[in-house]
Amino acid sequence: MGLIFLRTAIVFVALLIVMRLMGKRQIGEMQPFELVITLLIAELACIPMADTSIPLLYGLVSVLTIFLLHQLLLLADLKCKPFKAALGGKPSVVINKNGIDIPQLRKNSLDVSDLIESMRGAGYFSLDEVAYALYEANGKFSAMPREDGPREARGSLPVLIVGDGKYEEKNLALTKTGRPFFDAVLKQQNIRSLRKVYVLTLDGTGKVYLQCRGEKFRTFRVALPEGCAW
Amino acid sequence: MVKTVLTALVSLVLLGGAFAFETVFVERRFDAFAAAVEALDEKVREETATAADAEAVQEFWEHEKKQLHAVLPHGDIGYIDYWLAEAAGCIETGSYGEALSKLAVLRTVCEQIPASYGITFGNIF
């Protein structure tokens, strides 16, 4: 039983480290250690229950070990701030006044399309609608709208045209635009290489949200080609 | 907070108690069984062992294994059953040479099973 205790504790800690390293993408509404417990407890209880050659005590000891670790982590979580951050992670501010914080996004194994999806889930359809956006330690997305946020009518859904230096071909087809149109837009903005562009979105009113790597975002309007509607 | 500390302590005590109990319980049972196997082995070497001696060891093991089922994987217990039955069969037919080899397996198993519950690097991983 001492062995089962140690083995369960080792698996628990290993899973917890892996979950923390995977970033916020893998977590939803739970602290990493709570998710690890959810993953482990069903399996630990199930194996001795289904396999009659394993004593039931093995399952009970494992479950009790998980419970003990949970209580210890809970105490550490309440009493020790640095431990709490190491265990559960810290909120990650992914949008600030300069636009998207690319390193923070990468740190959490997320890309711009994940961010746009989270924003849509929170009721924001354009990247410039929020002043700050963050992923909480439990993976939940929170956003603070801009005081001077765009108030114009939403003509159509803003779509991602360039994500991480690459054109989104599906969205180019959807918007009935094309690479030459956006190449010209980028040239107009003095951007020589597409790889420099981290995100470019376009909405139905011709508003473009553009952010290059290491630069503040900018928004501007372009005249959409004829027949360009979605 | 108090409840969390209390439940953590209670579970720690329960786990520690279960660990200590398992160690002592398994070792004692196997020490007793190993002594019975050793005695039978002596008799087989002297070629004085009878079917009744083998049956006595089997009966002793039957009694011990009822309690061991709670803490040992049932496969391990079945393994001892198998080799003990083999040894008893050989003793019954007077094949003492073969019985010795079966008892040698049993003696090794009696050492290995309790050792496999010790907290060592190899056992943990």
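Reading the values: rules and limits
- Residue indices follow the written sequence of each chain, beginning from 1 at its first position.
- Each chain takes a letter, starting from A, and each ligand takes a number, starting from 1, following the order in which they are written.
- Local features in this predicted model are restricted to residues whose pLDDT is 70 or higher, and side-chain atom pairs enter the listing and the counts only when it is 80 or higher, whereas totals over whole chains, interfaces and linings include all residues.
- The basis for every side-chain value is the complete set of heavy atoms in the structure, and neither hydrogens nor water enter the calculation.
- Numbering goes from the N terminus for both helices and strands, where a helix is a DSSP run of H or I of at least four residues and a strand is a run of E of at least two.
- Throughout this description, buried means an accessible area under 20% of the type-specific maximum (1.4 Å probe, protein chains only), exposed means over 50%, and partly exposed covers the range between.
- Only the protein chains shown count as cover for residues, and all accessible areas are computed by the Shrake-Rupley method using a 1.4 Å probe.
- What makes a salt bridge here is a side-chain nitrogen of Lys or Arg within 4 Å of a carboxyl oxygen of Asp or Glu, nothing more.
- Only heavy atoms enter the contact rule, under which two residues are in contact if any of them lie within 4.5 Å.
- Accessible area that two parts lose when put together, with a 1.4 Å probe and added across both, is what the buried area reports.
- Think of a polar contact as two N or O atoms within 3.5 Å of one another; within protein, one of them needs to be a possible hydrogen donor and the other a possible acceptor, and neighboring residues in sequence only count if both atoms come from side chains.
- Gly is put with the polar residues, along with every residue not named as nonpolar or charged; the nonpolar set is Ala, Val, Leu, Ile, Met, Phe, Trp, Tyr, Cys and Pro, and the charged set is Asp, Glu, Lys and Arg.
- If DSSP finds at least two bridges between two strands, the strands pair.
- Comment: axis = line fitted to C-alpha atoms, over the contacting stretch for helices; angle = value between 0 and 180 degrees taken between N-to-C directions.
- For this analysis, a ring pair means two rings from Phe, Tyr or Trp (six-membered ring only for Trp) whose centres lie within 6.5 Å, classed as stacked if their planes differ by under 30 degrees, edge-to-face if by over 60, and tilted for the remaining angles.

(A) Just the overall build of chain A, in detail. Looking only at helices and strands, chain A features eight helices and nine strands. With 230 residues in all, chain A has 45% of them scored as buried. Put simply, chain A shows about 12100 Å² of open surface, and 59% of that area lies on carbon and sulfur atoms.

(B) Examining the pattern of salt bridges more closely. Counted under the stated rule, the structure contains 14 salt bridges over all chains. Here A:Glu169 and A:Arg179 are joined by a salt bridge, their closest N and O atoms 2.3 Å apart. Taken as a pair, A:Glu169 in helix H7 (residues 169-174) and A:Arg179 in helix H8 (residues 179-188) lie far apart in primary sequence, ten residues in all. Residue A:Arg179 is classed as partly exposed on the basis of its relative accessible area, which comes to 42%. Ionic pairing is found between B:Asp53 and B:Lys43, a salt bridge with its closest N-O pair at 3.2 Å. Of the two residues, B:Asp53 is situated in helix H2 (residues 51-68) and B:Lys43 in helix H1 (residues 2-45); the sequence distance between them amounts to ten residues.

(C) Layout of the interface of chain B and chain A. Tallying the contact residues gives 26 residues for chain B and 23 residues for chain A. Interface area for chain B against chain A, summed over the two sides, is near 2000 Å², with a carbon-plus-sulfur share of 76%. The tally of links between chain B and chain A comes to zero salt bridges. The tally of links between chain B and chain A comes to two residue pairs in polar contact (both at pLDDT 80 or more). Breaking the side of chain B that touches chain A down by element, the ones donating at least two residues are H1, helix H3 (74-93) and helix H5 (121-124) of chain B. Element by element, the count of residues in the side of chain B that touches chain A is highest for H1(B), at eleven residues. By residue class, the composition of the side of chain B that touches chain A is 16 nonpolar, nine polar and one charged.

(D) Quick peek at the sheet that holds strand E1 (residues 92-96) of chain A. All names here are of chain A. Taken together, the four strands give an open sheet; going across it, the order is E2-E1-E3-E4, and neighbouring strands pair in antiparallel fashion. Of all strands in the sheet, those bounded by a partner on one side alone are strand E2 (99-100) and strand E4 (141-145). In the sheet, E1 pairs with E2 via two bridges, with the strands oriented antiparallel. From the neighbouring strand, Ile 95 faces E2, where its bridge partner is Ile 100. Across the sheet, helix H6 (residues 112-121) touches E1, E2, strand E3 (130-135) and E4, and the angle it forms with E3 is around 105 degrees.

(E) Region of the structure containing the packing of aromatic side chains. Summed over all chains, the structure comprises eight aromatic pairs over all chains. Here a set of aromatic residues connected by ring pairs shows up, and it is made of B:Phe30, B:Phe33 and B:Trp61.

(F) Spotlight on the sheet that holds strand E7 (residues 197-202) of chain A. All names here are of chain A. Pairing is antiparallel across the open sheet formed by five strands, whose spatial order is E6-E5-E7-E8-E9. Two strands bound the open sheet, and with one partner strand each, they are strand E6 (166-167) and strand E9 (218-221). The pairing of strand E8 (residues 207-212) with E9 spans four bridges and is antiparallel. Looking at the pairing, Leu 210 lines up with Arg 218 of E9. On top of the sheet, H6 reaches strand E5 (159-163) and E7; it is set at about 160 degrees to E5, its chief contact.

(G) Representation of the side chain of A:Thr175 within the structure. All names here are of chain A. With respect to the helices and strands, the residue Thr 175 is situated in the loop between H7 and H8. One polar contact links the side chain of Thr 175 to the main-chain carbonyl oxygen of Leu 172, over a distance of 3.2 Å. Each residue touching Thr 175, except ones within four places of it in the same chain, is listed here: Val 159, Ile 161, Cys 228, Ala 229 and Trp 230.

(H) Looking closely at the pairing of E1(A). Residue and element names in this part refer to chain A. Taken together, the three bridges between E1 and E3 define a ladder with antiparallel strand orientation. Across the sheet, the residue bridging to Ile 95 is Ala 133, located in E3. Between the antiparallel neighbours E1 and E2 lie two residues.

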